[in-house]
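# Chains, contacts and geometry: an overview
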Amino acid sequence: MKLRPEILASPVYRQGRAAGADAFKLSSNENPFPPLPAVLAAITAELEINRYPDATAAALRGTLAARLGTTADEVIIGSGSVALLQQFILAAAGPGDEVAYSWRSFEAYPTMVTVAGATSVPVPNRADGGHDLPALADAITPRTRVVIVCSPNNPTGVTVTAEEFTAFMETVPSDLLVLLDEAYAEFVREPEAVDGRELIGRYPNLVILRTFSKAYGLAGLRVGWATGPEAILDAARATAIPLSVTGLAQVAAEASLEAEAELLERVEKITVRRTAFIDALRAQGWNIPASESNFIWLALGDHTLRAAERFFDAGLVTRPFAGDGVRISIGEEESLTPLLTVAQEILTELPTGHPARA
Ligand SMILES: *Cc1c(COP(=O)(O)O)cnc(C)c1O
């Protein structure tokens, strides 16, 4: 069969191992809380599924625009912000072009760049798991068409500061598209961290992406949004798969915005849980990055797969990245005690001087 060689060489996406019924699924940074009754009610009222959805999600764009202080045309809705990332990359980069991003970061980036026919330029993270923005700026060449900045970074959880980001934007050519992926923004408590909403309208080349999947608990419905200059968004609208944002996703997102106060209380609980978990791990002797997201990162290196196996055997499904580390989502409160028990065992077996040791 004549298929594209770079596609044949791409790793096939396989979702994390299925959790047993009584296991904790801590592998996809999902929200552990069940959907709010108001959100379920909104979906149930929208069951005209014999009809196509509103192709541009105009109502949801209007609601978001009013909150952001933009026009509705400066907002785009996608079937998850992953879909939007793909649309922007397809709009800007093709064969012979480069897309630069910090690495390790979101595992979807390399594949999306390959699908566009472009070339990835991964720039190593700093030792603390944060982006090395000066190095990322240095990696820009005349062939670079997109730069992705992920804050907080998945899977390390480390944020880019507002100061670092502003300095970065000053050095980047103003016609080079910068995607600021803020999938975990709602979990950030660090006051120095960049907040894309404060940068709206400031740069002609900046797009900010957010999602309803994590903090808002709608991962299963697939809905995310982005805001930026209308011309860039129009280019991304041209590369979309038509009608991929369902009506159910649109009304659920709107209902979630209406119920935001209640949802953000849950987010607060998760951030408190995260801080307690990080403190407890550090007290055990772990060296872990300062996560501002709903997950933490154990830089286990060669011990990664063995450690993930230990967690799995204890009913804890984590996300291993072979040779690099294990990402653990902040889930149910009851998962913390078994996590800490296994983490202690794993740490005891790490050789002295291992980077994951403090
Ligand atoms: C989860 C995630 C997304 C978005 O996921 P969707 O469910 O497609 O909205 C985007 N970027 C990063 C870094 C993520 O971790």
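Quick caveat: nothing in here was measured; it's all calculated off a predicted structure. Sequence positions are assigned chain by chain, starting from 1 and proceeding in written order. Residues qualify for local features only when their pLDDT is at least 70, as the model is predicted, and side-chain atom pairs are given and counted only at 80 or more; totals for whole chains, interfaces and linings, by contrast, use all residues. Hydrogens and water molecules were not included; the side-chain quantities draw on all heavy atoms of the structure.

Right, let's get into the UniProt feature "modified residue: N6-(pyridoxal phosphate)lysine" (unreviewed entry) in the protein. In the numbering adopted here, UniProt assigns the feature "modified residue: N6-(pyridoxal phosphate)lysine" (unreviewed entry) to Lys214. Segments assigned H or I by DSSP are reported as helices when at least four residues long, segments assigned E as strands when at least two residues long, and all are numbered from the N terminus. Relative to the elements of secondary structure, Lys214 occurs in the loop between strand E7 (206–211) and strand E8 (224–227). Take Lys214: its relative accessible area is 14%, and that puts it in the buried class. Contact criterion: two residues are considered in contact whenever any of their non-hydrogen atoms come within 4.5 Å of each other. Not counting chain neighbours up to four residues away, the residues in contact with Lys214 comprise Ser28, Asn29, Asn31, Ala183, Tyr184 and Phe187. UniProt positions are given in the numbering used here, feature names are shortened, and annotations may be inferred rather than shown by experiment. Exposed residues in this analysis have more than 50% of their type's maximum accessible area, buried residues have under 20%, and partly exposed residues fall in between, with area computed by a 1.4 Å probe over protein chains only.

Moving on, we come to the site of the ligand. Around the ligand, the structure places 13 residues, and the nearest of them are Ser81, Tyr184, Thr211, Ser213 and Lys214. Whenever two N or O atoms come within 3.5 Å, that pair is a polar contact, provided that in protein one can donate a hydrogen and the other can accept it, and provided that, for residues adjacent in sequence, both atoms are side-chain atoms. Interatomic distance of 3.2 Å between a side-chain N/O atom of Lys214 and an oxygen atom of the ligand. Within the side chain of Arg222, an N or O atom sits 2.7 Å from an oxygen atom of the ligand. Contact with the protein chains hides 95% of the accessible area of the ligand, taken as 390 Å² for the molecule alone. More than half of the atoms belonging to the ligand lie within 2 Å of the grid points that define the largest pocket. Ten residue types, Ala, Val, Leu, Ile, Met, Phe, Trp, Tyr, Cys and Pro, are classed as nonpolar, four, Asp, Glu, Lys and Arg, as charged, and the remainder, Gly among them, as polar. Class assignment for the residues of the shell around the ligand results in five nonpolar, five polar and three charged. When at least one non-hydrogen atom of a residue lies within 4 Å of a molecule or strand, that residue is treated as near it. To be clear on the numbers: accessible area is Shrake-Rupley with a 1.4 Å probe, and residue cover counts the displayed protein chains and nothing else. Cavity: a set of points on a 1 Å grid over the protein atoms alone where a 1.4 Å probe fits but cannot get out. Pocket: an open set with protein on both sides within 12 Å along at least five of seven lines, its lining residues, like those of a cavity, having an atom within 4 Å of a point. In this description, a molecule resides in a pocket or cavity if more than half of its atoms sit within 2 Å of the grid points defining it.

Before going further, it helps to examine empty space enclosed by the protein. Grid points are joined across faces, edges and corners, and a volume is the space filled by probe spheres set on the points. Summed over the entire model, instances satisfying the criterion amount to one cavity of 30 Å³ or more. Considered as a void within the structure, the largest cavity measures approximately 60 Å³ in volume. Taken together, Phe33, Pro34, Pro35, Leu36, Val39, Tyr216, Gly217, Leu218, Ser256, Leu263 and Arg266 make up the full set of residues lining the largest cavity. A class-by-class count of the residues in the lining of the largest cavity yields eight nonpolar, two polar and one charged.

Salt bridges, as used here, are contacts in which a Lys or Arg side-chain nitrogen is within 4 Å of a carboxyl oxygen on Asp or Glu. Enumeration over the complete set of coordinates arrives at 20 salt bridges. A salt bridge links Asp195 to Arg197; the nearest nitrogen and oxygen atoms lie 2.9 Å apart. Here Asp195 falls in the buried class, since its relative accessible area comes to 17%. Look at Arg197 and you get partly exposed, because its relative accessible area is 47%. In this structure, a network of salt bridges that share partners links the residues Glu182, Asp195, Arg197 and Arg210.

Right, let's talk about the sheet that holds strand E9 (residues 295–298) for a bit. The three strands are arranged E9-E12-E11 in an open sheet whose pairing can be described as antiparallel. Both outer strands of the open sheet, E9 and strand E11 (319–321), are each paired with one neighbouring strand and no more. Mean inter-strand twist for the sheet, computed between neighbouring axes without regard to direction, equals 20°. As judged from the four bridges shared by E9 and strand E12 (residues 325–329), these two strands associate in the antiparallel manner. Each bridged residue has a counterpart across the sheet, and for Leu298 the counterpart in E12 is Val326. With respect to the sheet, helix H11 (residues 304–313) is in contact with E9, E11 and E12, its orientation differing from that of E12 by roughly 30°. Only strands joined by at least two bridges in the DSSP assignment are considered to pair. The convention used is that axes are lines fitted to C-alpha atoms, helices contributing only their stretch in contact, and that angles between N-to-C directions extend from 0 to 180 degrees.

Turning to the UniProt feature "domain: Aminotransferase class I/classII large" (unreviewed entry) in the protein, a few remarks are in order. The UniProt record annotates "domain: Aminotransferase class I/classII large" (unreviewed entry) at residues 23–320. The span residues 23–320 is 37% helical and 16% strand by assignment, and the distance between its end C-alpha atoms comes to 16 Å.

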